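Coordinate analysis (summary)
Each chain, written out:
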Amino acid sequence: MVAVVGVGYSGFDANTPDLSWKEIMYEAALRAYTDAGINPRRDVDSFVTCAEDIYEGFAIFDEFVPDQLGAVVKPTCTVCADFLYGIATAYMQIRSGLADIVAVEAHSKASDIQTFGNVVKFAMDPIWLRNVGNAHPYYLAALEMFQYMGERCLSEEDVARVVVKNKNNALLNASAPYAANVTLDDVMASPKLFDPMKKMEIAPLADGCVVFVLASEEVAKELTDTPVWVKGVGWWSETYGYDTASFSAMYAYKAAKMAYKMAGITNPVKEVDFAEVDDRFAFKEMQHIEALQLAGKFEVARLMAEGYFDRDGALPVNVSGGNLGVGNLLEATGGQKALEVVLQLRGEAGKRQLSDVKVGVAQAWRYLPANSGAVAVFGV
Amino acid sequence: MKMIEKIVNPKELRHWDGKIELYWIYTSGKAGDEFFKKLKDEEKFIAAKCKKCGKVYFPPRIYCEKDFGETEFVEISGEGCVRAFTVARLDAYEKPLEKPEIYAVIDMDGTDGCLIHLLGEVEPENVEVGMKVKPVLKPKEQREGKITDILYFKPV
């Protein structure tokens, strides 16, 4: 068994002009080590950072890492993926006996990016797709949304309800810069920037950093009386090509299956108490709820309208406010989701604390134009 | 807990406007080359059929992603059907586009694949799922052997 013994974060904010991205990392790491009651120079055996060079604005990100995490002259590596892939990597390092204590980090200094549209375009196939038309690459998500709505018989209101739920949930999260008490009418009146996708259905960018300290069972029991266990991890890539991708988040379905199997979960609807899923586009939350088997294919919209996924519903989803409330945290997206799961399981989620929760799931997608992602199941 | 002493006066903040020029050439590869040459010179479309499982890939590629086997090129019409579409109103810099662009996922006839490209000579309100479309190419002398040699797809 592997446990989360410390969490720390910095942000989350729409921008962070006073701190550099390295200082955001330092701040989050200091909090995580303090939370765990450890000294990184002495106690941490290995450091895993999760980053994508193009989001940073320079190459070979891992060269820029060690100092701000207390990792100088120590085993350090960067996973070019979301934070949840880092959790999986740390889990393997601990279970293999290579390390007893591992720090995992991911951050976003999205406010430093002056040309986000072009950054996403840089990830698009340069031969077949990048130079088609002049639109912002958000159009690619809108195409998938269009197809998904058709296949699931969804109305525009069905998708808009995700925004209403998450932005209102975010009102109880002091670290959610995009919280708002919006109504269904407000969302429906939001301009259609990429028909049928509305402006408010796109998560705006945000800054922040998340650091976790993971430890082996033996060490965890020495460090804390309240460990949160990593019960399962999973990750999955569909395919590179848009022509062979499912357009229905199969990556999340497969990653969840992998994580559930490891966690011994056979009936997610009954065994998962709450979930934090990737909602960087509102329709993605619906897709991901379905992929995580938290509702049937054609039930998500009805359950959403009935309040089933609300904070006080039977299976709360994105109590933190999700990306629509907190913002698009790039590779730290899964970090914010895992953080919320851990805080809830520890009973430290303040006014948005859920009652009697034992198992929570965090899920993140690798964002446009990818068809891959990771899932982690945490429990107490 | 020792924390960073924050700068509270935004006027004291400094930053560096960073910009760096980078250039690449992107090779189209064997399959891309075959496709774009045919498109440029002969106005013909090709796809790639797996010799093992028979799946027909579009865009073409030299290997099958399912069984990792080889493919062979097959000629297709270049026409297809609209599977999904969106009307994009913002450019990459999040400024309004002068003229909204209609992007579509086009299932290509005779293949198991599709192409994401623009629709033209049609108003957004007249686009329908399943609508049959065909490619409109640049005049031959302006073609460069790139995906932009296809200007857009229009209703048949």
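Structure shown above.
So, a few notes on the structure that sits alongside this text.

Overview of the overall build of chain A
Within chain A one finds 16 helices and 11 strands. Over its C-alpha trace chain A gives a radius of gyration of 19 Å, about what one expects of a compact globule, namely 21 Å for 380 residues. Based on the C-alpha atoms only, the size of chain A along its principal axes is roughly 55 × 45 × 40 Å. Buried positions account for 60% of the 380 residues belonging to chain A. Expressed as a percentage of contacts within chain A between residues at least 6 apart in sequence, the contacts between residues at least 24 apart total 76%.

A short note on the sheet that holds strand β3 (residues 71-76) of chain B
Residues and elements named next belong to chain B. If you trace the 3 strands from one edge of the open sheet to the other, you get β2-β1-β3, paired in antiparallel fashion. The sheet terminates laterally at β2 (56-57) and β3, the two strands that pair on one side only. As paired elements, strand β1 (residues 45-50) and β2 share 2 bridges and run antiparallel to each other. Residue pairing for β2: Lys49 is matched across the bridge by Val56.

Some points on the pairing of strand β5 (residues 192-195) of chain A
Examined bridge by bridge, β5 of chain A and strand β6 (residues 197-198) of chain A share 2 bridges and lie antiparallel to one another. If you follow Lys192 of chain A over to β6 of chain A, its bridge partner there is Lys198 of chain A. With antiparallel pairing between neighbouring strands as the criterion, β5 of chain A and β6 of chain A make up a hairpin whose turn holds 1 residue. As judged from the 2 bridges shared by β5 of chain A and strand β4 (residues 80-90) of chain B, these two strands associate in the antiparallel manner. Opposite Asp195 of chain A, over in β4 of chain B, you have Val87 of chain B as the bridge partner.

Side note on the pairing of strand β7 (residues 207-216) of chain A
Residue and element names in this part refer to chain A. Burial of β7 is extensive: 10 of the 10 residues sit out of reach of the surface. Taking every second residue as pointing to the same face, both faces of β7 are buried, with Asp207, Cys209, Val211, Val213 and Ala215 on one and Gly208, Val210, Phe212, Leu214 and Ser216 on the other. In terms of strand pairing, strand β4 (residues 101-109) meets β7 through 9 bridges, oriented antiparallel. Bridge pairing in β7 links Ile101 to Ala215.

Rules used in this analysis
- Residues numbered from 1 in each chain as written.
- Chains lettered and ligands numbered in written order.
- Predicted model: local features only at pLDDT ≥ 70, side-chain atom pairs only at ≥ 80, totals over all residues.
- Helix = DSSP H or I, 4+ residues; strand = E, 2+ residues; numbered from the N terminus.
- Rg over C-alpha atoms; globule rule 2.2 N^0.38 Å.
- Buried ≥ 20, exposed ≤ 12 C-beta atoms within 10 Å, placed from the backbone.
- Contact = placed C-beta atoms within 7 Å.
- Pairing = 2+ DSSP bridges.

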